[in-house]
Amino acid sequence: MPTIDIKNTAGKKVGSIDLADAVFGAAINEHLLWEVVKWQRAKKHRGTHSTKTVAEVRGTGKKPYKQKGTGNARQGSLRSHHHVGGGKAFGPKPRSYEYRLPKKVRKGALCSALSLRVKEHKLVVLDSFDLKAPKTREVAAALDRLGADRALIVDRATNEALRLGTGNLTFAKWIAPEGLNVYDVLNHDTLVMTSEAVKALEKALLSAGKKD
């Protein structure tokens, strides 16, 4: 069972916490991480690309010239695919790139990503991350004291001041425990979580494992 220090926003140790093995001490499966990141990126793919077919391009439908006697190849329309300005054959049309991924795969990949951050000593657990006001400079100063570069901050959804205070930072992102995902964990160098968020995440993932 991994045990790490609990710090305050000044960067000082104020306690320690035991992390669940199944969540923060799991085997690191790179293939699962790749599968889930690919799935997440596919869901974000808008798929709005579109080309015009022969039926959709503008132009006359008149036969260019008679069928026989000209010495040229027979033609039926100037809107055909092989003419300049003609329709596109087999071109892309709007579609969804989303596909289904089993819950066990998603859960396993998230535990793998969290365990990777623990192994790399890139998980910082705070006693709390409460702000008196939603000030960006206070969030930036706290992350600097913690040595957290490109940080993903995880805290309860009701911490509105922290959410607003992190919004303008280009090197940090706030997310609630229930929204934590593999792509965001891997896309940030440091994972900063409050002890409350850690317990909420462990409870959600361990209970999901029992249901499966």
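A brief structural summary.

Here's the deal with the overall build of the protein
Right, so step 1: Along its length, the protein carries 7 helices and 6 strands.
Right, so step 2: Secondary structure of the protein in N-to-C order comes out as β-β-α-α-α-β-α-β-α-β-α-β-α.
Right, so step 3: A compact globule built from 212 residues should have a C-alpha radius of gyration of about 17 Å, whereas the protein, at 27 Å, is more than 25% larger.
Right, so step 4: Once the C-alpha set of the protein is aligned to its principal axes, its extents read approximately 95 × 40 × 25 Å.

As for helix α3 (residues 103-119)
Right, so step 1: In this model α3 runs 24 Å from its N-terminal to its C-terminal C-alpha over 17 residues, within 8% of the 24 Å that 1.5 Å per residue would give.
Right, so step 2: Those residues of α3 that fall on the buried side of the exposure criterion are Ala 109, Leu 110, Cys 111, Ser 112, Ala 113, Leu 114, Ser 115, Leu 116, Arg 117 and Val 118.
Right, so step 3: Positive phi appears at His 121, one or two residues downstream of α3, with a value of about 60 degrees.

Side note on the sheet that holds strand β5 (residues 172-175)
Right, so step 1: Spatially, the 6 strands line up as an open sheet ordered β2-β1-β3-β6-β4-β5, and their pairing is mixed. Looking at which strands have only one partner, the edges of the open sheet turn out to be β2 (13-18) and β5. Adjacent strand axes in the sheet meet at a mean angle of 30 degrees when their direction is disregarded.
Right, so step 2: Contacts from helix α4 (residues 136-146) reach β1 (3-7), β3 (123-126), β4 (151-154), β5 and β6 (190-194) within the one sheet, and its direction differs from that of β4 by about 110 degrees.

Topic: the pattern of salt bridges
Right, so step 1: Here the structure, examined in full by the defined rule, presents 10 salt bridges.
Right, so step 2: Between Arg 163 and Glu 160 there is a salt bridge, and its shortest N-O distance comes to 2.4 Å. You can see Arg 163 and its partner Glu 160 sitting in helix α5 (residues 160-166), 3 residues apart, about one turn around the helix.
Right, so step 3: Here Asp 184 makes a salt bridge to Lys 173, at a shortest N to O gap of 2.9 Å. Placement of the pair is Asp 184 in helix α6 (residues 182-187) and Lys 173 in strand β5, with a sequence separation of 11 residues.
Right, so step 4: Given a relative accessible area of 6%, Asp 184 falls into the buried group.
Right, so step 5: Judged by relative accessible area, Lys 173 falls into the partly exposed class, the value being 32%.
Right, so step 6: Taken together, the shared-partner salt bridges in this structure form one network comprising Asp 130, Asp 155, Arg 156 and Glu 196.

Rules and cut-offs
Residues numbered from 1 in each chain as written. Predicted model: local features only at pLDDT ≥ 70, side-chain atom pairs only at ≥ 80, totals over all residues. Heavy atoms only, no water. Helix = DSSP H or I, 4+ residues; strand = E, 2+ residues; numbered from the N terminus. Rg over C-alpha atoms; globule rule 2.2 N^0.38 Å. Expected span 1.5 Å × (residues − 1). Buried < 20%, exposed > 50% of the residue type's maximum accessible area, 1.4 Å probe, protein only. Pairing = 2+ DSSP bridges. Axes fitted to C-alpha atoms, helices over the stretch in contact; angles between N-to-C directions. Contact = heavy atoms within 4.5 Å. Salt bridge = Lys/Arg side-chain N within 4 Å of Asp/Glu carboxyl O.

This is a description of form; function is not addressed.
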